[in-house]
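# Close look at the chain arrangement
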Amino acid sequence: MTQPDILMTAPMQPAVIAALEARFTMHRLWEAPDPAAFLREIGPSIRGMATSTLYGRVDAELIGALRQLEIIASFGVGYDQIDVAVAAERGVVVTNTPGVLDEEVADLAVGLLLATVRQIPAAERYLRAGRWLQGNFPLSPTLRGRKIGIVGLGAIGKAIARRLAAFDVAIAYHGRTKQPDMPYPWHPTLIGLAQACDVLIVMVPGGAATRHLIDRPVLQALGRDGILINVARGSVVDEDALIEALRNGTILTAGLDVYNDEPRVPQALIDTDHVVLLPHLGSASAHTRAAMGQLVVDNLESWFATGQPLTPVAETAHLVPEA
Ligand code: NAP
Ligand code: 8YV
């Protein structure tokens, strides 16, 4: 029996490539000297795609070039880089990697919060520069007595809230819908949450619906003692407004894992000593990245063996046949 043809858009871990090559005929788009010519040649035979945010947009043009495409298996839980509306219209199922990374990303978010409020990276730079010999590192702000607002109390937001319970801080959240089974106060508006809190942790999906949700008025509402932590997507925060707010003291500081134009980070942020900047590390442990890669493989295998994907995204779940 012939093996289905799979297109991998950008390099994944060697174990994922090996697992897919054992079961499928794999085509490597990133190695093609002329991707357009490559797609014209192999596009008509492609039935599955393995992709990730590393590749960039999976748009109407790419989906359109693959006339027999049945499934797009994406590495990562956020899939804002995929034009899911076009995929759904074409009857193409999209899968992501939820569940296997929640705890890892929540660990990172809490670590970033602590690093930011207690200025851990700056303190380490201070020691390494030999400055302790001249005197103690200045006293930092504190987490004590803070009210933490989680913007997007989904799978990862809840894992963050569970961890924060141990820090004896007040927790509230904003999302489009109230979650009655959650013990934390819900704020129907983001401005309301920002006014009530002095830390915002952003954990909503990216994409058009959440673009610049964190804007100038929200930062003003967060206030002079406010801390912004963003582990979601760069697009959710108006980066220019944030830089201005950090510069003029509208908010105290920020801890960021994600940016608008990764891997390019605005020089104004790099030059701001009191912010903590990470290079999109949320899920980036060997353990969790292996689990995410395995779920990409499992989704493709399951689809071609049984017609059932394991973790279809909501927008294409209706395309999955009844089991
Ligand atoms: P999830 O379970 O789908 O939760 C998303 C939450 O956001 C939901 O509670 C949802 O509540 C809320 N939400 C969605 N749209 C909203 C809007 N327009 N306004 C306000 N709230 C909104 O997703 P997750 O698994 O927790 O992941 C969240 C995101 O984190 C991912 O999509 C990804 O972009 C990002 N992420 C980043 C990293 C990293 O490495 N930095 C790693 C993993 C994930 P309602 O439906 O009630 O609004
Ligand atoms: C990954 C992520 O860094 O899952 C997500 O949405 O942002 C991260 O886990 C990313 O998907 C890797 O391509």
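Look above for the structure.
This write-up is about the structure you can find in this document. (Residues numbered from 1 in each chain as written. Chains lettered and ligands numbered in written order. Predicted model: local features only at pLDDT ≥ 70, side-chain atom pairs only at ≥ 80, totals over all residues. Heavy atoms only, no water.)

### Details of the site of ligand 2
Within the structure, ligand 2 sits among Ser52, Thr53, Phe75, Gly76, Val77, Gly78, Leu101, Arg233, His280, Ser283, Arg289 and Met292. The separation between an oxygen atom of ligand 2 and a polar main-chain atom of Phe75 is 3.3 Å. Here an oxygen atom of ligand 2 sits 2.8 Å away from a polar atom, N or O, in the side chain of Arg233. The residue makeup of the shell around ligand 2, split by class, is four nonpolar, six polar and two charged. (Near = heavy atom within 4 Å. Polar contact = N/O pair within 3.5 Å; in protein donor to acceptor, adjacent residues only side chain to side chain. Nonpolar A, V, L, I, M, F, W, Y, C, P; charged D, E, K, R; others polar.)

### Some thoughts on the pairing of strand E8 (residues 199-202)
Burial of the side chains of E8 extends over both faces: Val199 and Ile201 are buried on one face and Leu200 and Val202 on the other. Relative to strand E9 (residues 227-230), E8 runs parallel, the two being bridged by four bridges. From the neighbouring strand, Ile201 faces E9, where its bridge partner is Ile229. At this point the chain moves from E8, through helix H9 (residues 216-222), to the parallel E9, and the crossover so formed is right-handed. (Buried < 20%, exposed > 50% of the residue type's maximum accessible area, 1.4 Å probe, protein only. Helix = DSSP H or I, 4+ residues; strand = E, 2+ residues; numbered from the N terminus. Pairing = 2+ DSSP bridges. Right-handed = clockwise from strand over helix to strand, strands pointing away.)

### Digging into the pattern of salt bridges
Scanning the entire structure with this criterion turns up 14 salt bridges. Its salt-bridge partner being Arg163, residue Glu103 comes within 2.9 Å of it at the nearest N-O pair. Here the residue Glu103 occupies a position in helix H5 (residues 102-117), and Arg163 occupies one in helix H7 (residues 155-164), the gap between them amounting to 60 residues. Its relative accessible area of 37% is what places Glu103 among the partly exposed residues. (Salt bridge = Lys/Arg side-chain N within 4 Å of Asp/Glu carboxyl O.)

### Let's talk about the side chain of Asn96
In this structure, Asn96 sits in the loop between strand E5 (93-95) and H5. In this structure Asn96 comes out as buried when scored by relative accessible area, which is 7%. A distance of 2.8 Å separates the side chain of Asn96 from the backbone oxygen of Val77, its partner in a polar contact. With residues up to four places along the chain from it excluded, the contact list for Asn96 reads Ser74, Gly76, Val77, Tyr79, Leu295, Asn299, Thr311 and Val313. (Contact = heavy atoms within 4.5 Å.)

### Topic: helix H12 (residues 286-306)
The end-to-end C-alpha distance of H12 is 30 Å, a good match for the 30 Å that 21 residues give at a rise of 1.5 Å each. Of the surrounding secondary structure, the elements contacted by the buried residues of H12 are strand E1 (5-8), helix H1 (14-23), strand E3 (46-52), strand E4 (71-75), E5 and H5. With its phi angle positive at about 80 degrees, Gly307 sits one or two positions after the end of H12. (Expected span 1.5 Å × (residues − 1).)

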